[in-house]
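# Observations on chain architecture
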Amino acid sequence: MASSLTKDSANTPVTEKTFFGHPRGLATLFMTEMWERFSYYGMRALLVYYLVSGGADAATGSQGGGLAMTAATATAIYSVYVSMVYLMAMPGGWFGDRVWGARKTVTIAGAVIMAGHLSLALPGQAMFFVGLALVAVGSGLLKANISTMVGHLYEGPEDPRRDGGFTLFYIGINLGAFVAPFVIGTVGKEYDWHLGFALAALGMGLGLVQFLFGTRHLSAKSSVVPNPLSAEERRGVLVKATVAVLVTAAFYGAVVALGVFTLNWALVPLTLAGLIIPVAVLARIKRDKELSATEQSKVNGYIWFFVAAAVFWMIYDQGGSTLSLFADSKTADSVFGIGFSATWYQSLNPLYVMALAPVFAWLWLWLARRNQEPSTIVKFAMGLVLVGASFFVFVVPMGMAGDGTKVSPMWLVSIYMIQTIAELCLSPVGLSVTTKMAPQKYASQMMGVWFLAVTAGDCTTGLLSLAGVDLNGTWIIAMEASLAVVAGLAVYMYRKKVQTLMGNVH
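Conventions used here
Residues numbered from 1 in each chain as written. Predicted model: local features only at pLDDT ≥ 70, side-chain atom pairs only at ≥ 80, totals over all residues. Heavy atoms only, no water. Helix = DSSP H or I, 4+ residues; strand = E, 2+ residues; numbered from the N terminus. Rg over C-alpha atoms; globule rule 2.2 N^0.38 Å. Buried < 20%, exposed > 50% of the residue type's maximum accessible area, 1.4 Å probe, protein only. Contact = heavy atoms within 4.5 Å. Areas by Shrake-Rupley, 256 points an atom, 1.4 Å probe, with all protein chains shown as cover. Patch = residues over 30% accessible without salt bridge, like charges linked within 9 Å, V, L, I, M, F, W, Y side chains within 5 Å. Salt bridge = Lys/Arg side-chain N within 4 Å of Asp/Glu carboxyl O. Phe/Tyr/Trp six-rings, centres within 6.5 Å; stacked < 30°, edge-to-face > 60°. Lys NZ or Arg CZ within 6 Å of the ring centre and 35° of its normal. Axes fitted to C-alpha atoms, helices over the stretch in contact; angles between N-to-C directions. Parallel < 35°, antiparallel > 145°, perpendicular 65-115°, else oblique. Left-handed = near helix turned anticlockwise from the far one by under 90°. Nonpolar A, V, L, I, M, F, W, Y, C, P; charged D, E, K, R; others polar. Polar contact = N/O pair within 3.5 Å; in protein donor to acceptor, adjacent residues only side chain to side chain. Expected span 1.5 Å × (residues − 1). Bend = angle between axes of the 7 residues up to and from the residue. Core = buried A, V, L, I, M, F, W, Y, C linked by side-chain atoms within 4.5 Å. pLDDT = per-residue confidence, 0-100.

## A closer look at the overall build of the chain
A count of helical and extended segments in the chain gives 17 helices and five strands. Radius of gyration (C-alpha) of the chain: 23 Å, near the 23 Å computed for a compact globule of 506 residues. Per-residue burial over the chain gives 51% buried out of 506 residues. If you take every contact in the chain between residues at least 6 apart in sequence, the share linking residues at least 24 apart comes to 79%. Looking at the chain as shown, the accessible area adds up to about 21,500 Å², and 68% of this sits on carbon and sulfur atoms.

Shown next as structure tokens:
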């Protein structure tokens, strides 16, 4: 912790603690997000394996006790679950803007997430899906609001520390994500699934306690409800929510009573909702007549970033499904005679982020001083081309493993490294540009819109799985790779048009 000189009301110099030159509140948010990500990524490292695990295997010594689903069903559930986590960021931002304020919303979110992991720690399919729902809701409430609170720490979009602050925040995310597969992943997959889920609950509990103790360092703006609901609006929301719950309960009650219910009755509507809602939300914001001409232009420009991000996350998030299944069944599980759990591959991406994020932050600053830093648009194009390239590389070991050969772990090590470089070109920059381009009226909600790009990408993957497309097939991997590269080239070719729409945001 460093310190800097400021002046008090009597114009007397005083010493103020900083976090690597950033506001002290960034440390509180850094640690909160670190523990939340520890719980989330630890559970996520287990998810697909728990879904496909059946009875114990005496030959390999692997534990049973999972839900014994097919790889296609597991991939669909994983994709829908991840998409719902990010879909819930939209109502999460709405609650922060209109009901509780960002700070209170994050506090409630932490408690909900912890309850979700505790539900997962209980045996039975019913508690498993209850747990997934609670974690999705809690994560959505937390994500948009905690990122908005990072923005509150800085003096407007032009504060030169802003991008660096989001990069440091991103390191906190990845520190928790790095440790989780070694702890939660190993305990859950190799010893006891439910003990692993319980460790995730403990991690979120630690994050919540830390947040409550550190809230005094946050900006006062974080406690403000920017656009509170009127009494009439509150009544309207309650009526609509009640009607929606009753209609949904009646519909699914009828489906169950008729004896035709299958998992697809839940997965397909959620997948379609994850594709339709992002489009509807962007259209609603764009039609808002209260936005100024400048804000309207920025929203138009932002649509380009949204579509690019959706394509990116469609491929990137398969690191926890398609790549995980490949790691477990077709990749050697030892290096130099030392065995390891397949969950450990999930630590590669956060490890690379922590190693490379400071390098990228320094590189962008070094290039900026020479007026050579790539624009946000060019960085997005680079991210898309690179994530496409990672799947072109993936095609090679897929072909090698076609005859049952176990390929070297270095293939996955390389693929995750390429995807991380792509992520560092796109994701931290996307968070920052969202806060810069968001209309004031939709400050927290626009962070939710950014996360809806993940929803759209993952729901595309989920829909393909539900439609019977084998996402573990070489041809579909090559198709996705080609789509990402073409999208990246398209963004680059139209960069001048997008920059015009962005106005003074660079």
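## A look at a nonpolar patch on the surface
Where nonpolar side chains cluster on the molecular surface, the patch consists of F251, V256, L258, V260, F261 and W265 and spans about 590 Å² of accessible area. You can call L258 exposed: its relative accessible area is 68%.

## Considering the packing of aromatic side chains
Applying the stated criterion across every chain, the model contains 26 aromatic pairs. Centroid distance W313 to Y316: 5.1 Å. Interplanar angle 90°. Geometry classified as edge-to-face. With a gap of three residues between them, W313 and Y316 both fall in helix 10 (residues 293–316), about one helical turn apart. Side by side, W313 and Y316 carry an identical accessibility label, which is buried. Counting every residue linked through ring pairs, the aromatic cluster contains Y50, F128, F129, W193 and F197. In this structure, K379 packs its charged tip against the face of W364, placed 4.2 Å from the ring centre.

## Remarks on unusual backbone geometry
Of note, A68 is a non-glycine position whose phi angle comes to about 55°, a positive value. Inspection of the secondary structure assignment puts A68 in the loop between helix 1 (25–52) and helix 2 (71–87). Under the relative-accessibility criterion, A68 is labelled exposed at 56%. One non-glycine residue, N371, adopts positive backbone phi at about 55°. Looking at the element boundaries, N371 is found in the loop between helix 12 (348–369) and helix 13 (376–400).

## What about the packing of helix 3 (residues 89–98) against helix 5 (residues 125–152)?
Remark: helix 3 packs on helix 5, axes separated minimally by 7 Å, with the N-to-C direction vectors making an angle of 60°. Taken together, the axis directions place helix 3 and helix 5 in an arrangement best described as oblique. In this structure, helix 3 meets helix 5 at a crossing whose hand is right-handed. In this structure, helix 3 uses A89, G92, G93, F95 and G96 to contact helix 5, whose residues at the interface are G140, L141, A144 and N145. Taken together, the residues of the contact of helix 3 with helix 5 sort by class into four nonpolar, five polar and no charged.

## What to know about the packing of helix 6 (residues 162–190) against helix 12
Orientation of helix 6 relative to helix 12, taken along the N-to-C sense of each, is 160°, at an axis distance of 8 Å. Overall, the two elements helix 6 and helix 12 adopt an arrangement that is roughly antiparallel. Along this stretch, helix 6 crosses helix 12, giving a crossing that reads as left-handed. Where helix 6 abuts helix 12, its residues T167, Y170, I171, N174, L175, A177 and F178 lie against N349, P350, L351, V353, M354, A357, P358 and A361.

## Here's the deal with the environment of R24
Take R24: it is sitting in the loop between strand 3 (22–23) and helix 1. Between the C-alpha atoms of R24 and L153, which are 129 residues apart in sequence, the distance is 8.8 Å.

## A short note on the pattern of salt bridges
Tallied over the full model, the rule gives six salt bridges. Salt-bridge contacts for R44 lead to D317; the nearest nitrogen and oxygen are separated by 3.8 Å. Of this pair, R44 sits in helix 1 while D317 sits in the loop between helix 10 and helix 11 (322–330), placing them 273 residues apart in sequence. The class for R44 is buried, based on a relative accessible area of 8%. Under the relative-accessibility criterion, D317 is labelled buried at 4%. Taken together, the shared-partner salt bridges in this structure form one network comprising K189, E190 and D328.

## Thoughts on the environment of T405
Tracing the backbone shows T405 in the loop between helix 13 and helix 14 (409–437). In this structure, the C-alpha to C-alpha distance between T405 and R216, residues 189 residues apart in sequence, is 56 Å. If sequence neighbours within four positions are ignored, T405 has contacts with K330 and M400. Within the structure, the side chain of T405 is placed 2.7 Å from the side chain of D403, a separation counted as a polar contact.

## Some points on helix 6
When the terminal C-alpha atoms of helix 6 are compared, their 42 Å separation across 29 residues agrees well with the 42 Å that a helix rising 1.5 Å per residue should span. Along helix 6, the largest kink reaches about 45° and is centred on A180; proline P181 follows within four residues of it.

## Description of the environment of K104
Inspection of the secondary structure puts K104 in helix 4 (residues 102–120). Judged by relative accessible area, which is 48%, K104 ranks as partly exposed. Taking the C-alpha atoms as reference, K104 lies 8.5 Å from S222; in sequence the two are 118 residues apart.

## Here we look at the nonpolar core
Ranked by size, the top nonpolar core spans 133 residues in total, and within it L29, Y81, W313, V449 and W450 carry the most contacts. No other element matches the 13 residues that helix 1 contributes to this core. Ignoring sequence-local partners within four residues, the contact set of V449 consists of M90, V281, L282, I285, Y302 and F306.

## Considerations on the confidence of the model for the chain
Averaged over the chain, the pLDDT score is 85; the fraction of residues at 70 or greater is 92%. Note on residues 2–15: pLDDT is under 50 here. Beyond four places in sequence and across chains, it has 21 contacts.

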